[in-house]
Amino acid sequence: AKDDNGFCDASAKHCKPGSGEKFLMYDVNPPEGFNLRRDVYMRFAIMLAETQKMGKKINWRLVLPPWHRLYHWKSGLPWNKFFDVNSLKTYVPVIELQEVVSNSITPLKIDRLYVLQNYENAFEDGVFHDKWTITDDCKYDGLFWGYNNITVKETVCVNFQGKISKLWELIALHPKDKYVMFSHGEIPLHTSYGTKTYWDCRKSMKFNTGLVKTAKNFILQFLNCKIEKCTTYLSVHWRRRDFAYSRGKDVPSLQGTAKQIDQIAKDNVPDIKTIFIATDASETEVRTLENDLKELGYKVNFFIPSKKELEMYKDGGIAIIDQVICSHAAFFVGTHDSTFTFRIQEEREILGFPSSTTFNRLCPDTGKCEKPSKWTIVN
Ligand SMILES: C[C@@H]1O[C@H](OP(=O)(O)OP(=O)(O)OC[C@H]2O[C@@H](n3cnc4c(=O)[nH]c(N)nc43)[C@H](O)[C@@H]2O)[C@@H](O)[C@H](O)[C@@H]1O
């Protein structure tokens, strides 16, 4: 299929330079972390891919927003630092922002910036309707991913709720726009959460090969496994920091954690005595847990990057290495309501682990809590 201008080829996912290419851009509420941002990417990727499947918007590209101002991360990193961008392209035509900026002869001017906001009352007569309304009251609170030479021709304030595909209605208001941006991309919802479409997109989100290689070397060297589905270790995502002090009802105390891990191991994988822990805990907390588990007879492993590795991969890369190591374990235990845990669970679904080894969580010290929801793969 060719687009209206004859410039772009849907199957090749490619447009000739200087063609009628158009760019769909977005950003996410700055305080949101890496793993929620990955979910927002999927909403936009699916929005574009589903439309292109119908032969429409073939000349559109989704612009990958740099990883800017992340919760204790270094700023402005391109997607290729963390993901295999060629693999993303097998699902939908994407382009790094840096490439868009450097392809543009003059400093980039976005035609229209839609600043999305929630309605004050989401339920009209008790019902949640998909809808949008243009208003005259909003402020752009982003920083164009740290690029100080990106400007905007026109800003439009929009109250929005509902499925992301409704954004096409806004885009249709100005069919000549070439660069269209949505701020607060986290507001529109998935069109197809948990469906085959969702998983097709999710599967294309392969990590940067260097990060995967480092994780696999660690698994081989310290966890004694060279196959995809390891039988040699149990993994835990132990989310601390804000979760430890603001979600005490959902997570164990520092002292209660080892006891719980011990019980989970005994109940589910009694032969395994090696544990891998991914965590954002402080050094003191890490040492406490490590000692407690050692006393209970376990061999405990953390991925501790060298200075060179930290410089090369940044905090983000280290988080991904932690996720990869967790996803290959015989049994995984996560933290309630953490998107970091959700992404590991998805990875394990893709690898084909039985879901009983994946959808497990740490409970508060009472030992009682609800099982996590199972979002199993649809192939
Ligand atoms: C309540 C919400 O929780 C959200 O967190 P949640 O979903 O866990 O997950 P994320 O949105 O990814 O944010 C947590 C950040 O903490 C670090 N982190 C957490 N766990 C680990 C780990 O095991 N290993 C490593 N290396 N790093 C870890 C990492 O930088 C990650 O991006 C927050 O992003 C939101 O801002 C908000 O606070």
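As the structure is a prediction and not an experimental result, all values here were calculated from the model. (Residues numbered from 1 in each chain as written. Predicted model: local features only at pLDDT ≥ 70, side-chain atom pairs only at ≥ 80, totals over all residues. Heavy atoms only, no water.)

S.K.: Please clarify how the sheet that holds strand β4 (residues 60-64) should be interpreted in this entry.
M.R.: Pairing between the strands of a sheet is mediated by backbone hydrogen bonds and can be parallel or antiparallel. Read from one edge of the open sheet, 7 strands run β5-β4-β3-β11-β6-β10-β9, paired in mixed fashion. Taken across any chain shown, the strands that pair with only one partner, and hence form the sheet edges, are β5 (94-96) and β9 (131-135). Each strand axis lies, on average, 30 degrees off the axis of its neighbour in the sheet, ignoring direction. Relative to strand β10 (residues 151-161), β9 runs antiparallel, the two being bridged by 5 bridges. By the bridge assignment, T133 is partnered in β10 with N159. In the packing of helix α1 (residues 34-53) onto the sheet, the strands contacted are β3 (22-26), β4, β5 and β11 (179-183), and the crossing angle to β4 comes to about 170 degrees. (Pairing = 2+ DSSP bridges. Helix = DSSP H or I, 4+ residues; strand = E, 2+ residues; numbered from the N terminus. Axes fitted to C-alpha atoms, helices over the stretch in contact; angles between N-to-C directions. Contact = heavy atoms within 4.5 Å.)

S.K.: Explain the domain arrangement of the chain to me, please; I cannot follow it from the model alone.
M.R.: Accessible area lost upon the coming together of the parts serves often as the stated size of an interface. For the chain, the assigned domains read domain 1 (8-200) and domain 2 (207-357). Its C-alpha centre places domain 1 at a distance of 32 Å from the equivalent point of domain 2. Contact with domain 1, which involves 17 residues of that partner, is made by 21 residues of domain 2. Interface area, domain 1 with domain 2, both sides summed: about 1,600 Å², of which 57% is carbon and sulfur. Contact with domain 2 buries surface across domain 1, with N35, F82 and W199 losing the most and accounting together for 32% of the total. (Domains from an automatic or database assignment. Buried area = accessible area lost by both parts, 1.4 Å probe.)

S.K.: Which parts of the structure should I look at to understand the environment of E295?
M.R.: Here E295 is to be found in helix α9 (residues 283-295). Here E295 falls in the exposed class, since its relative accessible area comes to 71%. (Buried < 20%, exposed > 50% of the residue type's maximum accessible area, 1.4 Å probe, protein only.)

S.K.: What is the right way to read the state of the cysteines from this model?
M.R.: Working definition of a disulfide: a covalent bond connecting the sulfur atoms of two cysteines. Evaluated as defined, the whole model comprises 3 disulfides. Each sulfur in the disulfide pair C138 and C157 lies 2.0 Å from the other. The sign of the -70 degrees torsion about the S-S bond sets the C138-C157 disulfide as left-handed. Residue C138 is located in the loop between β9 and β10, and its partner C157 is located in strand β10; the two are separated by 19 residues in the primary sequence. Classification of C138 as partly exposed rests on a relative accessible area of 24%. Across the disulfide, C225 is cross-linked to C230 (sulfur-sulfur distance 2.1 Å). Residues C225 and C230 share a disulfide whose torsion about the S-S bond is about -85 degrees; that sign makes it left-handed. (Disulfide = S-S within 2.5 Å.)

S.K.: How do you make sense of the packing of aromatic side chains when you look at a structure like this?
M.R.: The way to describe two aromatic rings as a pair is by their centre distance and the angle between their planes. In total, this model carries 23 aromatic pairs according to the counting rule given. Connected via pairs of aromatic rings, a cluster forms that spans F34, Y41, W67, W79, F82, F83 and F207. Here the guanidinium or amino end of R247 rests over the ring plane of F243, the centre of that ring lying 4.2 Å away. A cation sits over an aromatic face here: R348 above F353, 4.0 Å from the ring centre. (Phe/Tyr/Trp six-rings, centres within 6.5 Å; stacked < 30°, edge-to-face > 60°. Lys NZ or Arg CZ within 6 Å of the ring centre and 35° of its normal.)

S.K.: Mind showing me how you'd approach the packing of α1 against helix α5 (residues 196-204) here?
M.R.: The description of two helices packed together rests on the angle between their axes and the distance between the axes. Look at α1 against α5: their axes get within 10 Å of each other, and the N-to-C directions meet at 115 degrees. Taken as axis vectors, α1 and α5 run roughly perpendicular relative to one another. The chirality of how α1 crosses α5 is right-handed. Note on element contacts: α5 touches α1 through T197, Y198, C201 and R202, opposite R38, D39, Y41, M42, A45, I46, E50 and K53. Here the residues of the contact of α1 with α5 sort into 6 nonpolar, 1 polar and 5 charged. (Parallel < 35°, antiparallel > 145°, perpendicular 65-115°, else oblique. Left-handed = near helix turned anticlockwise from the far one by under 90°. Nonpolar A, V, L, I, M, F, W, Y, C, P; charged D, E, K, R; others polar.)

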